[in-house]
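Results of the structural survey
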Amino acid sequence: MRSQSSSAQSDLLTGGIVLAATILFVSTGGATVSSAIKALVGLGAGVEQVMTTALLLNVALILFGYRRYRDLKVEVKHRTAAEEKARELAGTDSLTGFYNRRKFEEEGAALIARMQIKGKAVALMMLDLDHFKTVNDIHGHAAGDAMLKAVAERITANVPPETISARLGGDEFACACAFESDAPDEMERVADALVNAIIEPVPHQNGELSVSTSLGVARSDRDGDTMDMLLRRADIAMYAAKNAGRNQHFWFSGPMEDELFRRNAVESGMRQGIAAGEFIPYYEQQVDLNTGNLLGFEMLARWESPVLGLVSPDDFIPIAEETGMIGSLSFAVMRRAFTDARDWDPSLTLSVNISPSQLRDPWLSQKLLKLLTETGFPPNRLEIEITETSLYDNLGLAQTIIASLKNQGIRVALDDFGTGYSSLAHLRALPFDRIKIDRSFVTSMMGNAESAAIVQAITRLGDSLGLPVTAEGIESKDIEQRLLSLGLAKGQGWHFGKPMTVEAARELLAANKMLAAEEEAAPLTDEPNVAKSAAPGR
Ligand code: C2E
Ligand code: MG
Ligand code: MG
């Protein structure tokens, strides 16, 4: 503001000088011309000299004024260009030249309004590059920028000419294209073409960069006619495409949104539930297949949600892992389980599942040992179950954690064997005490020759490595017999009983004299075989 007013003042001054000079020029100029004529005929030389000087001064002043006027014109031109540039910068992304989010929302809303009048619809496509961060991390930011530019070029090359394209930030792009409501196939082809074009490698320096994209589409004639709504729903569809394996496109559908709401509700419910002690241990019997005796329990977490009822770990463990709640959840449940189980018969073991993300916590073994000390549960009765996926990320750290746990007498089992890489390298990388055959092979082994062959192969592998094998998912007597004939010694599954509450576990133990003396309140049975007495299926 200040510079504008001072420049206006100087413009006024210059204008004044030019005006005065012009008036002087006109008045002195007329006199000087007549004096010059007089001089030619030899009259009044002194007077003419003064008048000539005045004339020259006027000419100089006019030149000064003209110069200043020209400078001003240039300045105004520059200022207009700078303002134009600023306006452009506020509306476009400097790297790709695409609109930014604000401008995209403006232009998109205008497009929707125009198309509504014409009876057409607008498809809003939201694109997010898959694992783009890796390009930046491995090849540097210049490579990342080159990749983003290439993606923008490919978008432009594959969308209809009137499409509005934007870079919403980072590696997120969006396009708004008009289409005939009854011909969405056209947009289907565009979305397909975009996904296929973006996965093509981008030449960079001496090599190539590759990235794929997940794309979500929402349409103005069905999913909402405001940019806000369309952006949100295209985003939901885009995440669905990512979750389904990336490098593909999904159209928005109602159930996707329901799933998101459900997931958000589960997530916030879980946060409160952990603090409120709603996560509790259930216990599944592990049995000696030869004698039928109870050897111990696998602790399986359950969520007693006041809103959702009893929730299975398959529903909440992945969310707990993603949101970083797994540590607090797991420790809260283990604390209860160690307290529950410390008075049970000392021969009984307790198995707990440890998630892959927990094995990335360098303090895991210290935290676990602290919990054992606090609850008074003996480490030599504890077995932890880990899956192969835990070993992909940071094998070195997993080895250190496991070594420290084993030093304290804790045993380690490889869970769900047969479902991952089932690699010998993984089996040898850690000093496992046991392999657990995944339940999917065991439950299906009677009707599926392939499953039966896998169970047999894993049993032999365990034999040759000197590792005991547990079969999980034993649902029937037939399966139990078959496993026994393969030489398997330990098993668990619904045939012996479904996972039970601590109260049910205590009843079972009390009935079989496997609780500390003062706690044996339940009536005794004379049957020596604990698991048999507990198994409803037998
Ligand atoms: P898992 O460790 O493989 O546990 C065995 C699963 O098989 C349990 O499912 C159990 O209820 C189920 N099961 C047992 N017997 C049978 C049977 O005869 N037939 C069939 N079809 N299924 C049977 P659940 O309790 O739903 O647990 C699922 C998974 O969730 C577990 O698989 C484990 O990976 C995970 N999980 C459970 N609790 C925890 C926990 O506290 N922490 C972590 N990190 N993961 C847990
Ligand atoms: Mg397990
Ligand atoms: Mg398992």
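Here goes a summary of the coordinates provided. Per chain, the residues get numbers from 1 upward, laid out in the order the sequence is written. Chains and ligands are labelled by the order in which they are written, letters from A for the one and numbers from 1 for the other. Only residues with pLDDT of at least 70 get local features here, since the model is predicted, and only at 80 or more are side-chain atom pairs given and counted; chain-wide, interface and lining totals rely on the full set of residues. Working from all heavy atoms in the structure, the side-chain values ignore hydrogens and water.

1. Observations regarding the overall build of the chain
- The secondary structure listing takes helices from DSSP runs of H or I that are at least 4 residues long and strands from runs of E that are at least 2 residues long, numbered from the N terminus. Scanning the chain from N- to C-terminus turns up 19 helices and 16 strands.
- Classification of residues uses two cut-offs on accessible area relative to the type maximum, computed with a 1.4 Å probe and protein chains only: under 20% is buried, over 50% is exposed, and between them is partly exposed. Within the chain, the proportion of its 538 residues that are buried is 44%.
- Contacts in the chain between residues at least 24 apart in sequence constitute 69% of all its contacts with a sequence separation of at least 6.
- Surface summary for the chain: the accessible area is close to 27400 Å², and the carbon and sulfur share equals 56%. Pairs of residues are marked as contacts when any of their non-hydrogen atoms sit within 4.5 Å. For the accessible areas, the method is Shrake-Rupley and the probe is 1.4 Å, while residue cover comes only from the protein chains on display.

2. Quick look at the sheet that holds strand E6 (residues 212-219)
- With mixed pairing, the five strands of this open sheet are ordered in space as E2-E3-E1-E6-E7. On the outer flanks of this sheet lie strand E2 (164-169) and strand E7 (248-251), each paired with one strand and no other. Looking at each pair of strands side by side, their axes are set apart by 20 degrees on average, direction ignored.
- We call two strands paired when DSSP finds no fewer than two bridges between them. The pairing of strand E1 (residues 121-130) with E6 spans eight bridges and is classified as antiparallel. Bridge assignment links Leu-129 to a residue of E6, and that residue is Thr-213.
- Each axis is a line fitted through C-alpha atoms, taken for helices only over the stretch in contact, and angles between the N-to-C directions span 0 to 180 degrees. Where helix H3 (residues 101-118) meets the sheet, its contacts fall on E1, E2 and strand E3 (172-179), and the angle it forms with E2 comes to roughly 145 degrees.

3. Looking at the coordination of the magnesium ion (ligand 2)
- Note that water is not among the atoms used; donors are N, O and S atoms within 2.8 Å of the metal (3.2 Å for Na, K and Ca), so sites may look incomplete. Around the magnesium ion (ligand 2), the protein contributes the donor atoms Glu-298 (OE), Asn-353 (OD1), Glu-385 (OE) and Asp-415 (OD), at 2.0 to 2.3 Å from the metal centre.
- All donor residues of the magnesium ion (ligand 2) come from one chain, and their arrangement in sequence is E-x54-N-x31-E-x29-D.
- Separating the magnesium ion (ligand 2) and the magnesium ion (ligand 3) is a distance of 3.8 Å, and Asp-415 donates to both of them. With a gap of 55 residues between them, Glu-298 in strand E9 (residues 294-305) and Asn-353 in strand E11 (residues 349-353) connect regions that are remote in the sequence.

4. With respect to the coordination of the magnesium ion (ligand 3)
- Taken together, the protein ligands of the magnesium ion (ligand 3) are Asp-415 (OD), Asp-416 (OD), Glu-472 (OE) and Glu-472 (OE), with distances of 2.0 to 2.6 Å.
- Looking at Asp-416, the relative accessible area reads 23%, which means it is partly exposed.

5. Looking at the state of the cysteines
- The rule for a disulfide is simple: a pair of cysteine sulfur atoms within 2.5 Å. Summed over the entire model, instances satisfying the criterion amount to zero disulfides.
- Free of any disulfide, Cys-175 has its nearest neighbouring cysteine sulfur in Cys-177, separated by 5.7 Å.

6. A word on helix H5 (residues 141-158)
- Taking 1.5 Å of rise per residue, the 18 residues of H5 would be expected to cover 26 Å, and the 26 Å separating its terminal C-alpha atoms lies within 8% of that figure.
- Of all the positions in H5, only Ala-143, Gly-144, Met-147, Leu-148, Ala-150, Val-151, Ala-152, Arg-154 and Ile-155 are classed as buried. Any helix carries an expected span of 1.5 Å times its number of residues minus one.

7. Brief notes about the pairing of E7
- Only one face of E7 is buried: it carries His-249 and Trp-251, and the other face, with Gln-248 and Phe-250, is open.
- Pairing geometry for E6 and E7, over four bridges, is parallel. Across the sheet, residue Gly-216 finds its bridge partner in E7, namely Phe-250.
- Seen with its strands pointing away from the viewer, a crossover is right-handed if its path from the first strand over the helix to the second goes clockwise. The parallel pair E6 and E7 is bridged by helix H7 (residues 227-243), and the resulting crossover is left-handed.

8. A few points about the nonpolar core
- Among the nonpolar cores identified, the biggest contains 77 residues, and Met-270, Tyr-283, Phe-297, Trp-344, Ile-384, Ile-386 and Leu-483 are the most heavily contacted of them.
- Looking at this core, the element that brings in the most residues is helix H10 (residues 326-341), giving eight residues.
- Leaving out residues up to four positions away in the same chain, Trp-344 has contacts with Tyr-283, Phe-297, Arg-381, Val-502, Ala-505, Arg-506, Leu-509, Met-514 and Leu-515. Definition used in this section: a nonpolar core is a set of buried Ala, Val, Leu, Ile, Met, Phe, Trp, Tyr and Cys residues joined via side-chain atoms within 4.5 Å.

9. Things to note about the environment of Gly-245
- If you trace the backbone, Gly-245 turns up in the loop between H7 and E7.
- Judged by relative accessible area, Gly-245 falls into the exposed class, the value being 52%.
- Considered as a pair, Gly-245 and Asp-130 are 115 residues apart in the sequence and their alpha carbons are 9.9 Å apart.

10. Describing the layout of surface pockets
- Cavities and pockets were defined on a 1 Å grid built from protein atoms only: a cavity is a group of points that admits a 1.4 Å probe but offers it no way out, a pocket is an open group of points flanked by protein on both sides within 12 Å along at least five of seven lines, and a lining residue is one with an atom within 4 Å of any such point. Grid points are joined across faces, edges and corners, and a volume is the space filled by probe spheres set on the points. Estimated volume of the largest pocket: approximately 1000 Å³.
- Lining of the largest pocket is provided by 38 residues; of these, Leu-300, Pro-313, Asp-314, Asn-353 and Arg-439 occupy positions nearest its centre.
- Sorting the residues of the lining of the largest pocket by element identifies E9, helix H9 (313-323), H10, E11, strand E12 (382-386), strand E13 (411-417) and helix H15 (439-444) as the ones contributing at least two each.
- Amino acids outside the nonpolar list (Ala, Val, Leu, Ile, Met, Phe, Trp, Tyr, Cys, Pro) and the charged list (Asp, Glu, Lys, Arg) are all regarded as polar, and Gly is one of them. When the residues that make up the lining of the largest pocket are grouped by side-chain class, the tally is 16 nonpolar, ten polar and twelve charged.
- Taken as a whole, the second largest pocket holds about 470 Å³ of empty space.
- If you trace the second largest pocket, you find 16 residues lining it, with Tyr-239, Asn-243, Glu-259, Leu-260 and Arg-263 closest to the centre.
- Listing elements by their share of the lining of the second largest pocket, those giving two or more residues are H7, helix H8 (254-275) and H9.

11. Examining the site of ligand 1
- For this purpose, a residue is taken to be near a molecule or strand whenever a single non-hydrogen atom of the residue falls within 4 Å of it. Neighbouring ligand 1 are 22 residues; Arg-302, Asn-353, Ser-355, Glu-475 and Trp-494 lie closest to it.
- Pairs of N or O atoms are called polar contacts if they sit within 3.5 Å, as long as, within protein, a hydrogen donor faces a hydrogen acceptor (for residues adjacent in sequence, only side-chain-to-side-chain pairs). Within the side chain of Asn-353, a nitrogen or oxygen atom sits 2.9 Å from an oxygen atom of ligand 1.
- A distance of 2.8 Å separates a nitrogen atom of ligand 1 from a polar atom in the side chain of Ser-355.
- Bound to the protein, ligand 1 loses 89% of the 800 Å² it would expose on its own.
- Judged by its atoms lying within 2 Å of the grid points, ligand 1 is housed in the largest pocket.
- When residues of the shell around ligand 1 are traced back to their parent elements, those giving at least two are E9, H9, E13 and H15.
- Ranked by residues supplied to the shell around ligand 1, first place goes to E9 with four residues.
- The class makeup of the residues in the shell around ligand 1 is seven nonpolar, five polar and ten charged. Any molecule with more than half of its atoms within 2 Å of a cavity's or pocket's grid points is counted as sitting in it.

12. So, the side chain of Asp-223
- Tracing the backbone shows Asp-223 in the loop between E6 and H7.
- If we ignore the near neighbours within four places in the chain, the residues touching Asp-223 are Val-217, Ala-218, Met-229, Leu-230, Arg-233 and Phe-252.

13. Digging into the packing of aromatic side chains
- Only rings of Phe, Tyr and Trp enter the pairing, Trp through its six-membered ring, and a pair is recorded when the two centres are within 6.5 Å. The plane angle decides the type: under 30 degrees is stacked, over 60 is edge-to-face, the rest tilted. Here the structure, examined in full by the defined rule, presents eight aromatic pairs.
- Plain terms: the ring middles of Tyr-66 and Tyr-69 are 6.4 Å apart, the flat faces sit at 40 degrees to each other, and that makes the pair tilted. Of this pair, Tyr-66 and Tyr-69 both sit in helix H2 (residues 45-91), three residues apart, which is roughly one turn of that helix.
- With centroids separated by 5.1 Å and ring planes inclined at 75 degrees, the aromatic side chains of Tyr-283 and Trp-344 adopt a geometry described as edge-to-face. Taken as a pair, Tyr-283 in strand E8 (residues 279-288) and Trp-344 in the loop between H10 and E11 lie far apart in primary sequence, 61 residues in all.
- Look at Tyr-283 and you get buried, because its relative accessible area is 0%.
- Ring-pair connections join several aromatic residues into one group, and the members of that group are Phe-279, Trp-303 and Phe-316.
- Sitting over the ring of Trp-494, Lys-498 keeps its end group 4.2 Å from the ring centre. Geometrically, a lysine NZ or arginine CZ counts as sitting over a ring once it is within 6 Å of the ring centre and also within 35 degrees of the ring normal.

Any link to function would need more than the numbers given here.
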